[in-house]
Amino acid sequence: MKEKGKYLAVVGLSALIVIIVLNNEKSKSGALCGIVLCRDIIVPALLPILILCGTMTRSDCAKVFEKLFGRITQTLFHLPRAATTPIIFGAIGGYPTGAVLTRQMLNDGLIDNEDAIRIMRFNVNPGIAFTITAVGSVYLKSTKLGVILYLICTAASLLLGIIQGLFFRKKRYYYHADIKRLDFGKAVISSVEDATKSILNMCAYIVFFSAIIQIFDLPKQVLALLEITSGIFSNNAVIPFEYLCFFLSFAGFCIHFQIFSIVKSFDMKYGDFFIHRLLAALLSFFPGKLYSSFFEQQMPVFSNVAQTIPQASQVNSGLSIILLAGCVAIIFDIKNRKSKLI
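Along every chain, residues carry numbers that run from 1 in the direction the sequence is written. With the structure being a predicted model, the display of local features is reserved for residues of pLDDT at least 70 and the display and counting of side-chain atom pairs for 80 or more, all residues being used for whole-chain, interface and lining totals. With hydrogens and water stripped out, all remaining heavy atoms of the structure feed into the side-chain values.

Brief notes about the overall build of the protein
Here's step 1: The helix and strand labels rest on DSSP assignments: H or I over at least four residues marks a helix, E over at least two residues marks a strand, and numbering proceeds from the N terminus. Counting its regular elements, the protein contains 15 helices and 0 strands.
Here's step 2: Burial classes follow relative accessibility: with a 1.4 Å probe on protein chains only, a residue under 20% of its type's maximum area counts as buried, one over 50% as exposed, and anything between as partly exposed. Within the protein, the proportion of its 342 residues that are buried is 49%.
Here's step 3: Approximately 17,000 Å² of the protein is accessible, and the part contributed by carbon and sulfur atoms is 69%. For every accessible area listed, the method is Shrake-Rupley and the probe measures 1.4 Å; residues are considered covered only by the protein chains on display.

Written out as structure tokens, the structure is:
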């Protein structure tokens, strides 16, 4: 089966190359859109945040956050106090900030592989700037709705971490105040290098997905499952509030690849990552549905578009694609584990 998988991969990738060549103008147009997106949003918005968060996480500045919130991290998530800064800044900066900082903590020896995997099961969150400013103020024409979106998605991620922590209550962590961290200068240099590599990696994925998306005529709702930014802002029809919560927590496969290229360094399986993204998305969906049901009259923003009610079949087909992709990922994950045991 492993050999068949290789041949299928070769056939699929070869077919994709042929499709890109035959649709060269469309793929170039999509790639250019991805480059513009990276230039105008990703690099200026995320690079400074990654550098600053990385510097605070790897220097003695982190001890301030650990003293203030470390006991909460131990009590609620049953994780070491060193996990405090990746969780806080991951929630503030948004994907992939949490993954970058978690890998840094692992490389510095402040957490172990198991801790890193547990953190990345829930520390994938849309950031404040993207959710409130871009999605809320620009797309929904309401900063208030952006704040509510952010709070729902963040609460869903934290709840997932708390639920996971219940299974690790017997694990004890002891706070060592004398943990050695990088001096401030080395922390800045190291953070700049890591942040630059992460941003370049992100941009490569965004350009690639943008090129592919431009070629295929996909339903608008499906685009948000592939590349979250393009999927939301290229959508002329309204995405219902609860589905926005779902999409933002799920993050889209483009974000998945960006983050997974980071977290694979500590042997996290994609099936594991995917299942927890889906759980977080569902934990966001139902509060979003509840909010839209009770406060629908306070959401006039949805009336200024041509199509007020999106076709349910398109959304449902998008969710079906998620589930099918997840099944494939889990099957491959199980096969890989079996092959290691043989």
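Describing the packing of aromatic side chains
Here's step 1: We call Phe, Tyr and Trp rings a pair once their centres come within 6.5 Å, taking the six-membered ring for Trp, and we label the pair stacked below 30 degrees between planes, edge-to-face above 60, and tilted otherwise. Applying the stated criterion across every chain, the model contains 18 aromatic pairs.
Here's step 2: Measuring from ring centre to ring centre gives 5.2 Å for F65 and F89, while their planes differ by 75 degrees; the resulting arrangement is edge-to-face. Placement of F65 in helix 3 (residues 61–77) and of F89 in helix 4 (residues 84–93) is noted, with a sequence separation of 24 residues between them.
Here's step 3: Overall, the relative accessible area of 6% leaves F89 in the buried class.

Some details on helix 9 (residues 184–215)
Here's step 1: Helix span, as expected, comes to 1.5 Å for every residue beyond the first. Between the first and last C-alpha of helix 9 there are 47 Å, a value that for 32 residues agrees with the 46 Å anticipated at 1.5 Å per step.
Here's step 2: Polar contacts here mean pairs of N or O atoms no more than 3.5 Å apart (in protein, one a potential hydrogen donor and the other a potential acceptor; neighbouring residues in sequence count only if both atoms are side-chain atoms). Regarding helix 9, its N-cap is D183, as a side-chain oxygen of that residue lies 3.2 Å from the backbone nitrogen of G185 further along.

Brief notes about the nonpolar core
Generally speaking, nonpolar side chains in soluble globular proteins are found buried as a group.
Here's step 1: Judged by nonpolar contacts, the single largest core of 73 residues is most densely connected at M120, L248 and I259.
Here's step 2: Contacts between residues were defined by any pair of non-hydrogen atoms, one from each residue, lying within 4.5 Å. Discounting residues that sit within four places of it in the chain, M120 has contacts with G98, A99, T102, I259, V263, F266, M268 and F273. Nonpolar cores were defined as sets of buried Ala, Val, Leu, Ile, Met, Phe, Trp, Tyr and Cys residues, with membership established by side-chain atoms within 4.5 Å.

Notes on the confidence of the model for the protein
Here's step 1: Confidence of the predictor in every single residue is expressed as pLDDT, which spans 0 to 100. Taken residue by residue, the protein gives an average pLDDT of 81. The fraction at 70 or more is 82%.
Here's step 2: Model confidence for the protein, summarised as mean pLDDT per element, is weakest for helix 15 (residues 312–341) at 48 and strongest for helix 8 (residues 143–165) at 94.
Here's step 3: Here residues 300–324 scores under 50 on pLDDT; set against residues more than four positions off or in separate chains, the count is 36 contacts.
Here's step 4: Counting interchain partners and residues more than four positions distant, the pLDDT-below-50 stretch residues 338–342 has 1 contact.

Brief notes about a nonpolar patch on the surface
Here's step 1: Residues with no salt bridge and a relative accessible area higher than 30% make up the patches, which join like charges within 9 Å and nonpolar side chains (Val, Leu, Ile, Met, Phe, Trp, Tyr) within 5 Å. Salt bridge criterion: a side-chain nitrogen from Lys or Arg within 4 Å of a carboxyl oxygen from Asp or Glu. Taken together, the side chains of V64, L68, F69, I72 and L76 present a nonpolar region at the surface, about 440 Å² in accessible area.
Here's step 2: By the secondary structure assignment, L68 is in helix 3.
Here's step 3: The class for L68 is exposed, based on a relative accessible area of 58%.

Observations regarding the environment of I259
Here's step 1: For I259, the position within the fold is in helix 13 (residues 253–263).
Here's step 2: Along the primary structure I259 and F273 are separated by 14 residues, whereas in three dimensions their C-alpha atoms are 9.6 Å apart.
Here's step 3: Ignoring any residue separated from it by four or fewer positions in sequence, one finds I259 in contact with Y95, P96, A99, M120, V124 and F273.

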